[in-house]
Amino acid sequence: MFEAGKRRVRRGLGAVAAGLVLVGVAACGGDGQSADDGKDGKASGKPADKSSATGPAPLTEERLTAASLTDGERIGAYTASEYALGAPLGDDYTAEPAVCQPLVSLAKGATPFDPVAEVQRKADIPDELLGLTVSVQLRSYTAPDAAGVMKALATAGRECAGGFTEDRALARATYLKVEPATAPDVGDEARAYRFILLDVKGTLKLYEYLTVIRSGTTTLSFRAEITGTKDVGGVPDEIIQAQWQKFRSAAGEAVEKR
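The structure reproduced in this document is the subject of the present report. Here the structure is a predicted model, which means the values were calculated and not measured. (Residues numbered from 1 in each chain as written. Predicted model: local features only at pLDDT ≥ 70, side-chain atom pairs only at ≥ 80, totals over all residues. Heavy atoms only, no water.)

Details of the overall build of the chain
Test applied: Runs of H or I in DSSP of at least four residues are treated as helices and runs of E of at least two as strands, each being numbered from the N terminus. Each residue gets one of three labels from its accessible area relative to the maximum for its type: buried under 20%, exposed over 50%, partly exposed in between, using a 1.4 Å probe on protein chains only. The contact rule is simple, with two residues in contact once any of their heavy atoms fall within 4.5 Å. Note on areas: Shrake-Rupley, 1.4 Å probe, and residue coverage restricted to the protein chains presented here.
A count of helical and extended segments in the chain gives five helices and ten strands. Buried positions account for 40% of the 258 residues belonging to the chain. A sequence separation of at least 24 residues applies to 60% of the contacts in the chain between residues at least 6 apart. Only carbon and sulfur atoms are counted for the fraction: they give 55% of the accessible area of the chain, which is about 14400 Å².

Dropping the structure here:
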C-alpha cells in the first residue's frame with residue numbers, strides 16, 4: 001500500500017508539471033509575441049509583419065500617374081515630359097559604399113524598402129540642349145516603408161558627407177562632398193542635398209541637387225542636373241511646387257500635412 005501511495009503521488013506531480021508546461025506554451029505561442037509584449041505593441045526579436053502595419057494604403061500606379069506632371073505640361077520656362085526609356089539612366093547607377101545608394105537613386109533595390117508603384121517624369125527647357133534637367137519621380141510604398149526610405153536617405157547623407165563613388169555603365173564618377181540643402185516646407189518630411197562631384201574624366205567640378213518629400217506612403221523625388229560646371233543653386237522651386245500641388249490635389253486628404 002505504501003508503494004502504491006508513492007506511485008499515485010508521482011503521477012499527481014507529473015500531471016501538475018504537464019499542466020504548467022501547457023500554460024507556458026499557451027503564453028508564448030500562437031502569434032509569435034511573448035506575454036509581456038502587449039503593452040507597447042512591440043514583438044520580441046521579430047520584425048513587424050507588414051501586412052498588419054497600420055496606415056493608408058499605397059497609391060496605385062494609376063493614381064500616381066494622375067498625380068504626376070503630364071507630358072507637355074508647362075511650368076514657367078520648363079516643360080514636363082516622359083522618359084523615352086521609362087526612367088532616367090541614373091536609376092541603373094550604383095554607389096560604393098552601398099550605404100550611399102539612396103543619394104544616387106531610390107529605384108527598386110536602393111533600400112530594403114521597394115516601391116509598390118512608381119511614375120517617372122522630367123522637366124527641362126526644350127531649347128537648351130545642355131541646360132538643367134530635373135528628374136521627377138513619384139513612388140508609393142506599403143506603410144511604414146516610405147518612412148524607412150527617408151531614414152535610409154538621412155543615414156546616407158550623414159555617412160557619405162565626405163564623398164563616395166558612383167558606378168555607371170562604362171565609367172565611374174567621384175562625389176567629393178554631400179551637403180544638406182534647404183528643403184521645402186511641405187509633406188510629412190523633406191530632405192535636400194547638394195552634391196559636388198567630378199566628371200567621369202576627373203577634371204571638371206560639377207554640381208547636382210536632390211530633394212525628396214514624403215507624404216504618407218508616397219515619396220516625391222527631384223534631382224537637378226546640368227551638363228556643365230554651373231551651380232544652379234538647387235532644384236527650381238516652381239517645379240517642386242507645381243508637382244506638389246498636383247499631387248496634393250489628385251491624392252486628396254491622404255496627403256494633408258500632419
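Regarding the sheet that holds strand 2 (residues 78-81)
Whenever strands of a sheet pair, they do so through backbone hydrogen bonds, lying parallel or antiparallel. Definition in use: When DSSP locates at least two bridges between a pair of strands, those strands are taken to pair. The axes are straight lines fitted to the C-alpha atoms, using for helices just the contacting stretch, and the angles between their N-to-C directions are given from 0 to 180°.
A sheet is described by the order of its strands in space; here ten strands give the open sequence 1-2-4-5-10-9-8-7-6-3, paired in antiparallel fashion. Only two strands of the sheet have a single neighbouring strand rather than two, namely strand 1 (74-75) and strand 3 (94-96). Two strands pair when backbone bridges link them, and strand 3 and strand 6 (residues 164-167) are joined in this way by three bridges, in the antiparallel orientation. The residue bridging Ala 95 from the neighbouring strand is Glu 166, located in strand 6. In the packing of helix 4 (residues 145-159) onto the sheet, contacts are made with strand 7 (172-180), strand 8 (189-198), strand 9 (205-215) and strand 10 (218-226), and the angle to strand 8 comes to roughly 35°. Seen against the sheet, helix 5 (residues 237-251) touches strand 1, strand 2, strand 4 (117-124), strand 5 (132-140), strand 9 and strand 10 and runs at an angle of roughly 160° to strand 10.

Observations concerning the environment of Tyr 207
With respect to the helices, strands and loops of the structure, Tyr 207 is situated in strand 9. Residue classification places Tyr 207 among the buried positions, given a relative accessible area of 17%. With residues up to four places along the chain from it excluded, the contact list for Tyr 207 reads Arg 194, Phe 195, Ile 196, Leu 197, Ile 226, Thr 229, Lys 230 and Asp 231.

What about the pattern of salt bridges?
Spelled out, the test is: By definition, a salt bridge exists where a carboxyl oxygen of Asp or Glu is found within 4 Å of a side-chain nitrogen of Lys or Arg.
For the structure on display, the rule yields 13 salt bridges. Close ionic contact of Arg 139 with Glu 118 constitutes a salt bridge, the shortest N to O distance being 2.8 Å. Placement of Arg 139 in strand 5 and of Glu 118 in strand 4 is noted, with a sequence separation of 21 residues between them. Residue classification places Glu 118 among the partly exposed positions, given a relative accessible area of 28%.

What to know about the environment of Pro 58
On the secondary structure map, Pro 58 appears in the loop between helix 1 (2-28) and helix 2 (61-67). Along the sequence, Pro 58 and Ala 117 sit 59 residues apart, while their C-alpha atoms lie 8.2 Å from each other. Other than its neighbours up to four places away in sequence, Pro 58 contacts Val 116, Ser 140, Tyr 141, Thr 142 and Thr 217.

Looking at helix 5
The line we're drawing: To estimate the expected span of a helix, count its residues, drop one, and scale the result by 1.5 Å. The arc in question is the one spanned by the directions pointing from the helix axis to the C-beta atoms.
With 15 residues, helix 5 extends 21 Å from end C-alpha to end C-alpha; this agrees with the ideal 21 Å at 1.5 Å per step. What helix 5 keeps buried is the set Ile 239, Ile 240, Gln 243, Trp 244, Phe 247 and Ala 251. Along the axis of helix 5, the buried residues cluster in a sector spanning 120°; they form a single face.

Structural notes on the layout of surface pockets
What counts here: Grid points spaced at 1 Å and placed over the protein atoms alone form the basis of the search, with a cavity being a set where a 1.4 Å probe fits but cannot get out and a pocket an open set showing protein on both sides within 12 Å along at least five of seven lines. Lining residues have an atom within 4 Å of a point. Grid points are joined across faces, edges and corners, and a volume is the space filled by probe spheres set on the points. Under the scheme applied, nonpolar residues are Ala, Val, Leu, Ile, Met, Phe, Trp, Tyr, Cys and Pro; charged residues are Asp, Glu, Lys and Arg; polar residues are all the others, including Gly.
The calculated volume of the largest pocket comes to roughly 860 Å³. Lining the largest pocket are 43 residues; nearest its centre among them are Tyr 93, Thr 133, Glu 208, Glu 225 and Ile 226. The set of elements that each furnish at least two residues to the lining of the largest pocket consists of helix 3 (101-104), strand 4, strand 5, strand 7, strand 8, strand 9 and strand 10. Tallied by class, the residues present in the lining of the largest pocket amount to 23 nonpolar, nine polar and eleven charged.

Some words on the packing of aromatic side chains
Here the distance between the centres and the angle between the planes together describe a pair of aromatic rings. Short version of the rule: Pairing of aromatic rings covers Phe, Tyr and the six-membered ring of Trp, with a centre-to-centre limit of 6.5 Å; geometry is then stacked below 30 degrees between planes, edge-to-face above 60, and tilted otherwise.
Here the structure, examined in full by the defined rule, presents three aromatic pairs. Aromatic pair Phe 164 and Tyr 175: ring centres 4.3 Å apart, planes at 15°, arrangement stacked. Residue Phe 164 is found in strand 6, and its partner Tyr 175 is found in strand 7; the two are separated by eleven residues along the sequence. Looking at Tyr 175, the relative accessible area reads 1%, which means it is buried. An aromatic cluster is defined as three or more aromatic residues linked by ring pairs; in this entry it consists of Phe 164, Tyr 175 and Phe 195.

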